[in-house]
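Coordinate inspection notes
Listed below are the residues making up each chain.
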Amino acid sequence: MGQRAKRKLRLISSVLAVLVFLSGCGQDFHKEGEQDDVISKDDSLTVVGVSQIGSESVWRTANTASIQNTFSKENGYFLIFDNARQKQENQIKALRSFISQQVDYIVFSPIVEDGWDTVLQEAKDAGIPVILMDRKVKVKDESLYTAWVGSDFAEEGQNAGRWLAGHLKEEGRAGEEINIVVLQGTNGSTSVIGRTEGFDSVAAQHDNWNILEQADADFTTAKGREEMKKMLHKYEDIDVVVSQNDDMTFGALEAIGEAGQSTGTDGGIILISFDATKSALEKVEQGIINVDIECNPEQGAYIEEVIRVLESGGQAEKEYFVSERVFTKKNVASVIGDRSY
Ligand code: AHR
């Protein structure tokens, strides 16, 4: 019996053992529609355990859909999917469960960068390649993961800054004092670190740009609204809102409307958003959001490519960047129709 077949047999018995254990503990270990397949699964399938952060944003839901569409049975995969509901401890539990099930590959999107050394060492010791999706980890030993697939977040932040500099110039405001507030996503996450560093590096070249505050709004609409409301009370004159995802932008728009102010191309507060989901792009088209910096959630095919390279005995690159664009009223119309998320 080959290595892979033995591994699959071990997998089935250990999955059953884990399921019995979890039902005994009454632990809510959430898998999306996969458990019924465990016993009847085909041994030729490649087993991929995926730990997703949660469902905090429209972007995240699209990212999950990309994974689920790619790692389907029709494509030759058996997917074990876990939603960590925004908790690092749940992600660590999921990773340990994947290790004990002896999956062929672990794919995961780390909620924050710190705190992964121990569990990744366990995966390495078990001989399971780990592919990071979307966000990165800060580990002492880079060999604890095989590859990372995601966005150039620093470039996204720089694109936001460069667009603002160009826009202020076009409007004849390049020399004006410009007051900026920032709604940040999850503290300690790669996307926040990169976007903040990227935008700040452009802001540092403009003495007249004053970043009044960078508030933590956790990538959610509810927190975006709450933090924007506080900042509108605190600061009389806000020229620019940089919102690090579309969900927070929608919350900010509610708060700005409630305060009797407007945003966008009609001379209101300049609104810069990230992600470029369909509903936000519609607001770009309507002139309510000035610019949306795309963050591409469709990462499943890129990850599958890494797995193909590894399956054929090749060496994967350490980093794979997904392609991304910047959308304003001028170029948004051509993409809205095709946007699926
Ligand atoms: O890490 C990518 C970010 O995480 C997206 O911008 C955000 O919407 C998501 O939740």
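Below you will find a few notes about this structure. In this text the structure is predicted, and so the values were computed from the model without any measurement. (Residues numbered from 1 in each chain as written. Predicted model: local features only at pLDDT ≥ 70, side-chain atom pairs only at ≥ 80, totals over all residues. Heavy atoms only, no water.)

**Description of the site of the ligand**
So the rule is basically this: Proximity is defined per residue: any heavy atom of the residue falling within 4 Å of a molecule or strand makes that residue near it. In protein, a polar contact means a hydrogen-donor-capable atom and an acceptor-capable atom, both N or O and within 3.5 Å, with residues adjacent in sequence counting only if both atoms are side-chain atoms; elsewhere, any N or O pair within 3.5 Å suffices. The domain limits used here are those given by an automatic or database domain assignment.
Residues in contact with the ligand, as listed here, are Glu56, Ser57, Trp59, Arg60, Asp134, Arg135, Phe153, Ser191, Arg195, Phe219, Asn245 and Asp275. Measuring from an oxygen atom of the ligand, one finds a side-chain N or O atom of Glu56 at 2.4 Å. Within the side chain of Ser191, one N or O atom sits 2.9 Å away from an oxygen atom of the ligand. Counting only domains with at least three residues in the shell around the ligand, you end up with domain 1 (45–150 + 298–323) and domain 2 (153–295).

**So, the pattern of salt bridges**
The line we're drawing: Just to be clear on terms, a salt bridge is a Lys or Arg side-chain nitrogen sitting within 4 Å of an Asp or Glu carboxyl oxygen. Helix and strand assignments follow DSSP, with helices taken as H or I runs no shorter than four residues and strands as E runs no shorter than two, numbered in order from the N terminus. Using a 1.4 Å probe on the protein chains alone, a residue whose accessible area is under 20% of its type maximum counts as buried, one over 50% counts as exposed, and one in between counts as partly exposed.
Under the counting rule described, the total for this entry stands at 22 salt bridges. One salt bridge in this structure joins Arg135 and Glu56, with 3.9 Å as the shortest N-O distance. Of this pair, Arg135 sits in the loop between β4 (130–133) and β5 (147–150) while Glu56 sits in the loop between β1 (46–52) and α3 (58–70); the two residues are 79 residues apart in sequence, bridging distant segments of the chain. Arg135 gets classed as buried once you look at its relative accessible area, which sits at 2%.

**Here we look at the side chain of Asn245**
Take Asn245: it is sitting in the loop between β8 (240–243) and α9 (246–258). Reaching out from Asn245, the side chain makes a polar contact with the backbone oxygen of Phe219 at a distance of 3.1 Å.

**A word on the environment of Arg195**
Defined as follows: The contact criterion used throughout is that any non-hydrogen atoms of two residues lie within 4.5 Å.
Following the sequence through the fold, Arg195 ends up in helix α7 (residues 190–203). Residue Arg195 is classed as buried on the basis of its relative accessible area, which comes to 3%. Between the alpha carbons of Arg195 and Glu156 there is a distance of 6.0 Å; along the sequence they are 39 residues apart. Leave out the neighbours within four places in its chain, and Arg195 touches Phe153, Ala154, Glu156, Gly157, Phe219, Gln244, Phe274, Asp275 and Cys295. In this structure the side chain of Arg195 is engaged in a polar contact, spanning 2.6 Å, whose partner is the backbone oxygen of Gln244.

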